[in-house]
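# Observations on the model geometry
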Amino acid sequence: MTQTQTRRRTEARALTGRMVGVVADGVVKVLIGAAFIVGAARLGQLLGAPAWLMVVSGVSLLIGGGAEIRYVRSRAMRTYTRLMVAYDSGWALVTLAGLLVTWQGTGAGGEMWLGYQAAASLALAVSLVVAAPVRTTADSGAEDSAR
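Residues numbered from 1 in each chain as written. Predicted model: local features only at pLDDT ≥ 70, side-chain atom pairs only at ≥ 80, totals over all residues. Heavy atoms only, no water.

The next thing to look at is the environment of Leu96. In this fold, Leu96 is placed in helix 4 (residues 77–103). By relative accessible area, Leu96 is classed as exposed at 52%. For the pair Leu96 and Gly109, spaced 13 residues apart in sequence, the C-alpha separation works out to 9.2 Å. (Helix = DSSP H or I, 4+ residues; strand = E, 2+ residues; numbered from the N terminus. Buried < 20%, exposed > 50% of the residue type's maximum accessible area, 1.4 Å probe, protein only.)

Axis separation between helix 4 and helix 5 (residues 108–130) bottoms out at 8 Å; the angle between their running directions is 170°. What the angle tells us is that helix 4 and helix 5 run roughly antiparallel. Every residue of helix 5 that contacts helix 4 at Tyr80, Leu83, Ala86, Tyr87, Gly90, Trp91, Val94, Thr95, Ala97, Gly98, Val101 and Thr102 is listed here: Ala108, Gly109, Gly110, Met112, Trp113, Tyr116, Gln117, Ala120, Ser121, Leu124, Ser127 and Leu128. Residue composition of the contact of helix 4 with helix 5, by class: 15 nonpolar, nine polar and no charged. (Axes fitted to C-alpha atoms, helices over the stretch in contact; angles between N-to-C directions. Parallel < 35°, antiparallel > 145°, perpendicular 65-115°, else oblique. Contact = heavy atoms within 4.5 Å. Nonpolar A, V, L, I, M, F, W, Y, C, P; charged D, E, K, R; others polar.)

It is worth spelling out the pattern of salt bridges at this point. Scanning the entire structure with this criterion turns up two salt bridges. Across the salt bridge formed by Lys29 and Asp25, the nearest N and O atoms sit 2.5 Å from each other. Here Lys29 pairs with Asp25, and both are found in helix 1 (residues 3–38), just four residues apart, close to one helical turn. Owing to a relative accessible area of 6%, Lys29 belongs among the buried residues under this scheme. Lys29 serves as the salt-bridge partner of Glu68, at 2.9 Å between the closest nitrogen and oxygen. Of the two residues, Glu68 sits in helix 3 (residues 51–70) while Lys29 sits in helix 1, which places them 39 residues apart along the sequence. Residue classification places Glu68 among the buried positions, given a relative accessible area of 0%. (Salt bridge = Lys/Arg side-chain N within 4 Å of Asp/Glu carboxyl O.)

The end-to-end C-alpha separation of helix 5 is 33 Å, in line with the 33 Å expected for 23 residues at 1.5 Å each. Considered for burial, the residues of helix 5 that qualify are Gly109, Gly110, Trp113, Leu114, Tyr116, Gln117, Ala118, Ala120, Ser121, Leu124, Ala125 and Leu128. (Expected span 1.5 Å × (residues − 1).)

Time to look at the packing of aromatic side chains. Throughout the structure, instances matching the rule amount to three aromatic pairs. Between the aromatic rings of Trp91 and Trp113, the centroid separation amounts to 6.3 Å while the plane-to-plane angle is 65°, which identifies the pairing as edge-to-face. Taken together, the positions of Trp91 in helix 4 and Trp113 in helix 5 put the pair 22 residues apart, joining distant regions of the chain. Taken together, Phe36, Trp91 and Trp113 form an aromatic cluster joined through their ring pairs. Directly above the aromatic system of Tyr87 lies the positively charged group of Lys29, at a separation of 4.3 Å from the ring centroid. Over the aromatic face of Tyr71 sits the side chain of Arg70, whose NZ or CZ is 4.8 Å from the ring centroid. (Phe/Tyr/Trp six-rings, centres within 6.5 Å; stacked < 30°, edge-to-face > 60°. Lys NZ or Arg CZ within 6 Å of the ring centre and 35° of its normal.)

This is the structure:
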């Protein structure tokens, strides 16, 4: 096996590992979204948020997670990485802000957190839909032969 072939296999394994991570992230979003919908009344009480916001956030998570799974083979891992880092960074900041607000005695912490889930999940889905598809080597060869 040549050095080039070894490098390509290593890169393919790394890419496959990242794809598994993206799918796992999408599955977690789908499961949390389903839990939000099914347990909207009870979870809403625990978080101090109305049930309708739980359902909206759940549907948004289903859409965002579904988009992550749907586009895993056709979007660049760099795109996924940037979007997931942005989503998770925002999630961490909003979680901290929601906890601080809740500890101060107001009931808005859960609403902030759920609102973020709803908005960020939809933004993630839209970003994946509009992202440029990955060009495969087969696409490049077809374009080269057409020239």
